[in-house]
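Secondary and tertiary structure notes
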Amino acid sequence: MRVLGIESSCDDTAAAVYDSAGGLLSNVVASQVAVHEAYGGVVPELASREHIRSIVPVVEQALARAKTDRDDVDGVAVTAGPGLIGSLLVGLCFAKSLAFARGRPIAGVDHLEAHLFAILLERCVEFPYVALLVSGGHTSLFRVEGFDAVRLLGGTRDDAAGEAFDKAAKRLGLGYPGGVAIDNLARQGDPSRFAFPRAWLSKDSPDFSFSGLKTSLRTFLSSAEGRAFRVEDVAASFQEAVVEVLVGKTLSAAAREGIPRIVLAGGVAANSRLRDRMEAEGSRAGVEVFLPSRALCTDNAAMVAFLGERRLSAGRSDGLDLNAYAASRFSR
Amino acid sequence: MSRISIDLRSDSEGETIDIARALGAVLVPGDVVALEGELGAGKTVFCKGVGESLGVSPERIVSPTFTIVTEHEGALPLYHVDLYRLSSEWEAACIGLEEILNGEGVCLVEWPEVIVSLLPKHCIKVRFLFLEPDGRSLNITAEDTPRMRGFLFRCKPYLPGG
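Predicted model only: the values in this text are computed from it and were never measured. (Residues numbered from 1 in each chain as written. Chains lettered and ligands numbered in written order. Predicted model: local features only at pLDDT ≥ 70, side-chain atom pairs only at ≥ 80, totals over all residues. Heavy atoms only, no water.)

**A short note on the environment of Leu-217 of chain A**
Residue and element names in this part refer to chain A. For the record, the criterion: For the purposes of this entry, the term helix denotes a DSSP run of H or I that reaches at least four residues, the term strand denotes a run of E that reaches at least two, and both are numbered from the N terminus. Note on classification: 1.4 Å probe, protein chains only; a residue is buried when its accessible area is under 20% of the maximum for its type, exposed when over 50%, partly exposed between these limits. We call two residues in contact whenever any of their non-hydrogen atoms come within 4.5 Å of each other.
The residue Leu-217 is located in helix H7 (residues 211–221) in this model. By relative accessible area, which is 1% here, Leu-217 ends up buried. Note: C-alpha distance between Leu-217 and Phe-229 (12 residues apart in sequence) is 12 Å. With residues up to four places along the chain from it excluded, the contact list for Leu-217 reads Ala-168, Arg-171, Phe-196, Val-234 and Phe-238.

The following block contains the structure:
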C-alpha cells in the first residue's frame with residue numbers, strides 16, 4: 001500500500017510518500033523547497049495562508065520524487081492535531097478533498113504520536129520503549145508499548161525545552177530560532193563555567209519545568225558576573241542545565257519502567273549535546289539509545305505517512321467528517 | 001468609560017496565582033486580558049490562576065509560545081494566546097486573532113505589544129515588573145466597573161504596604 005502523508009500543524013508544510021513494501025519514497029518540507037523564493041523570499045512562517053500557497057507544490061514534489069502518479073496513491077494520511085487550527089485545516093482539507101475525489105481511504109494522525117514512531121522509519125526498535133519527545137512546543141516522556149498503546153509518563157509544567165533554548169538565544173542576542181545557534185556556540189564554550197539551576201522537581205518526578213531556568217538567566221545577565229561573560233560559556237552552561245535534566249529524567253523513567261530502550265523524538269532531539277550525553281549515559285546505564293536522523297527529528301510528513309500506512313493497512317480509516325483539533329490526547 | 005489603575009505586589013508564585021484567581025472570578029465572555037512583562041516575569045503563572053477560576057486544571061496551562069493559541073474548555077472558552085513569535089499585526093490577522101479577540105470566550109494574551117491596535121478598548125492590562133530580590137509588581141488597568149472594583153477589593157492584601 002502506498003500512502004501520501006501531509007503535515008501542516010505548525011510552521012512547515014510537508015508531504016511524503018511511504019510504501020508498505022518499498023519504505024519511505026520521498027520526504028519534502030516546504031522550508032527546504034524553492035517555493036518560498038517564488039513568492040518573494042521572506043515569508044511569514046506562521047500564516048496558514050502560506051500553507052495554502054505551499055501545499056500543492058509540496059505534494060506534487062513529494063509525488064514526483066516518489067515517482068508516483070496521483071492515481072497510484074492508495075491512501076492519504078494527514079496530521080489532524082495538535083496545532084494551530086488554521087494551519088491544520090489547510091492540510092486536512094487538502095487531504096480530505098484528495099481522498100474524496102480519488103475514492104481513497106484517509107487516516108487522521110496525531111502529530112505527537114507520529115513523532116514517537118518516527119524512529120521506526122530508520123531503525124528496528126523492540127517494544128516497549130521509553131520515548132522523550134522534546135521540541136519547541138513539547139517536552140514529554142512516554143511509555144510506548146506498541147502502535148496503539150502509548151502512555152504519557154510526564155511532561156513540562158510550563159515551558160518546553162526548545163522554547164527555553166529559543167528564549168535564551170533571543171536574550172543573548174542570537175536571534176530566532178535559537179536552538180541551533182546555542183548548540184553551535186556551546187561547542188566553543190565551557191558547560192561548567194556557570195551553574196544554572198537544574199529543575200529536578202520532586203524526587204522521581206517525570207515532569208519538567210524550564211521556566212525558572214529562564215528567570216535565572218535573566219538574573220544572571222543583569223548581575224556583575226553576567227556583564228563580563230563570554231557568550232559561548234553562557235550558551236554551553238545554559239544548554240548543559242537543560243540537557244542534564246532531560247537525560248537524567250529520561251534515564252530515571254527507563255529505570256522505573258524497567259525498559260532498557262530509549263528513543264528520542266522532536267526537534268530538540270537534533271541537539272548535539274543532548275544526543276552525545278544521552279548516548280554516553282545510556283550506555284553506562286546499560287540502556288540502548290535510538291536517535292533519529294535530523295530530518296526525522298524536526299516536523300516532517302514521513303512519520304505521518306508511516307503511521308497512516310500502519311492504520312490504513314489494518315483497514316482502519318477515518319470518515320470525511322475528520323476534523324482538526326488543537327489539543328492532543330497525548331498531552332495533559 | 002474611565003479606567004482605573006492599581007499596583008499590586010506579589011512575593012511568590014503562589015501570590016501571583018492568588019491575584020490571578022481573583023481576576024478570573026470576575027471575568028465574563030468577551031474579556032481580553034493583555035499580559036506584558038519580560039521573560040520569566042510570571043505571565044504564564046498568572047494564566048494558570050485565571051484558568052483555575054474558570055475550571056481549567058493549572059497543569060493543562062503551559063506556555064503556548066510554540067502553538068501561539070491554546071484553547072481550553074472551562075466554564076467559559078479560554079483562549080491562551082502568546083504572540084512572542086509574531087512580528088506584525090498582519091501575521092496576527094493571518095492566524096485569525098481578531099476573531100478570537102472579539103469572540104465569546106475569555107482571552108489571555110501574552111506578549112500583546114505587537115497587536116496593540118487590535119486590542120479592544122475594554123481590554124484589561126496587567127504589566128509585570130521585577131522587584132528585587134524575588135518579587136513582582138503587577139500594574140493592572142481596566143475599565144472602572146463594579147466587577148473590577150470587586151476584584152480590586154479582593155486584592156487588598158497585595159497593595160504595597162497593605
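**Description of the sheet that holds strand E5 (residues 106–110) of chain A**
Residue and element names in this part refer to chain A. What counts, and what does not: Whether two strands pair depends on DSSP finding at least two bridges between them. Helix axes are fitted only over the stretch in contact, all axes being lines through C-alpha atoms; the angle between N-to-C directions runs from 0 to 180 degrees.
Pairing is mixed across the open sheet formed by five strands, whose spatial order is E3-E2-E1-E4-E5. Unpaired on one side and paired on the other, strand E3 (23–29) and E5 mark the two borders of the sheet. Across this sheet, the average inter-strand angle for adjacent strands is 20 degrees, counted without regard to direction. In the sheet, strand E1 (residues 2–7) pairs with strand E2 (residues 14–19) via six bridges, with the strands oriented antiparallel. The residue of E2 that forms the bridge with Leu-4 is Val-17.

**Overview of the nonpolar core**
Residues and elements named next belong to chain A. Counted only if it meets this: For our purposes a nonpolar core is just a set of buried Ala, Val, Leu, Ile, Met, Phe, Trp, Tyr and Cys residues, chained together by side-chain atoms within 4.5 Å.
Counting 47 residues, the largest nonpolar core has Phe-196, Phe-238, Leu-246, Ile-262 and Leu-274 as the members making the most contacts within it. Looking at this core, the elements that each hand over two or more residues are strand E6 (129–134), helix H5 (161–171), helix H6 (179–186), H7, helix H9 (231–257), strand E9 (261–265) and helix H10 (272–284). Counting residues per element, this core draws most heavily on H9, at 13 residues. Discounting residues that sit within four places of it in the chain, Leu-274 has contacts with Val-134, Val-243, Leu-246, Val-247, Leu-264, Val-268 and Ala-269.

**Considering the domain arrangement of chain A**
Often, the extent of an interface is quoted as the loss of accessible area on bringing the components together. Residues and elements named next belong to chain A. Formally: Each domain's extent is set by a domain assignment, obtained either automatically or from a database. By buried area we mean the combined loss of accessible area, with a 1.4 Å probe, across both parts when two parts are placed together. The rule for a salt bridge is simple: a side-chain nitrogen of Lys or Arg has to be within 4 Å of a carboxyl oxygen of Asp or Glu. Whenever two N or O atoms come within 3.5 Å, that pair is a polar contact, provided that in protein one can donate a hydrogen and the other can accept it, and provided that, for residues adjacent in sequence, both atoms are side-chain atoms.
For chain A, the domain assignment lists domain 1 (2–116 + 298–313) and domain 2 (125–291). Put simply, the middle of domain 1 and the middle of domain 2, counted by C-alpha atoms, are 29 Å apart. On the side of domain 2, 14 residues touch domain 1, which itself brings 10 residues to the contact. Counting the surface lost from both domain 1 and domain 2, the interface buries some 940 Å², and carbon and sulfur atoms represent 71% of this. For the domain 1 face of the interface with domain 2, the top three residues by lost area are Leu-112, His-115 and Leu-116, together amounting to 58%. One can count zero salt bridges joining domain 1 with domain 2. Viewed at the interface, domain 2 and domain 1 are joined by one residue pair in polar contact (both at pLDDT 80 or more). Listed by contribution, the elements that provide at least two residues to the side of domain 1 that touches domain 2 are helix H4 (111–117) and helix H12 (302–313).

**A look at the environment of Val-76 of chain A**
Residues and elements named next belong to chain A. Take Val-76: it is sitting in strand E4 (residues 75–81). When the C-alpha atoms of Val-76 and Glu-244 are compared, they prove to be 40 Å apart, with 168 residues separating the residues in sequence. Setting aside residues up to four positions removed in sequence, Val-76 forms contacts with Val-3, Leu-4, Ile-6, Ala-95, Leu-98, Ala-99, Pro-105, Ile-106, Ala-107 and Leu-312.

**Section: the pattern of salt bridges**
Applying the stated criterion across every chain yields a total of 31 salt bridges over all chains. Put simply, Arg-329 of chain A and Glu-113 of chain A hold a salt bridge, and the shortest N to O gap is 3.6 Å. With Arg-329 of chain A in the segment after H12 and Glu-113 of chain A in helix H4, this pair connects stretches of sequence that are 216 residues apart. Owing to a relative accessible area of 2%, Glu-113 of chain A belongs among the buried residues under this scheme. Here Glu-38 of chain B ties to Arg-218 of chain A by a salt bridge, and the two come within 3.5 Å at their closest N and O atoms. With Glu-38 of chain B in the loop between strand E2 (32–36) and helix H2 (43–53) and Arg-218 of chain A in helix H7, this pair bridges two chains.

**Description of the confidence of the model for chain B**
All names here are of chain B. Cut-off, in case you're wondering: The predictor reports its confidence for every residue as pLDDT, a score running from 0 up to 100.
Per-residue pLDDT for chain B has a mean of 91; in total, 99% of the residues score no lower than 70. Here helix H3 (residues 89–94) is the element of chain B with the lowest mean pLDDT, 80, and E2 is the one with the highest, 98. Two numbers describe this predicted complex: its pTM, 0.87, and its ipTM, 0.74.

**Looking at the sheet that holds strand E4 (residues 77–82) of chain B**
Residue and element names in this part refer to chain B. In spatial order, the strands read E1-E7-E6-E2-E5-E4-E3; together these seven strands make up an open sheet with mixed pairing. If you trace the sheet from one side to the other, it starts and ends with strand E1 (3–10) and strand E3 (69–73), each paired once. For this sheet the average axis-to-axis angle between neighbouring strands, irrespective of direction, equals 15 degrees. In terms of strand pairing, E2 meets strand E6 (residues 124–131) through four bridges, oriented parallel. Bridged to Leu-35 within E6 is Val-126. Strand contacts of helix H1 (residues 13–24): E1, E2, E6 and strand E7 (135–143), with the helix running at about 150 degrees to E1, the strand carrying the most contacts.

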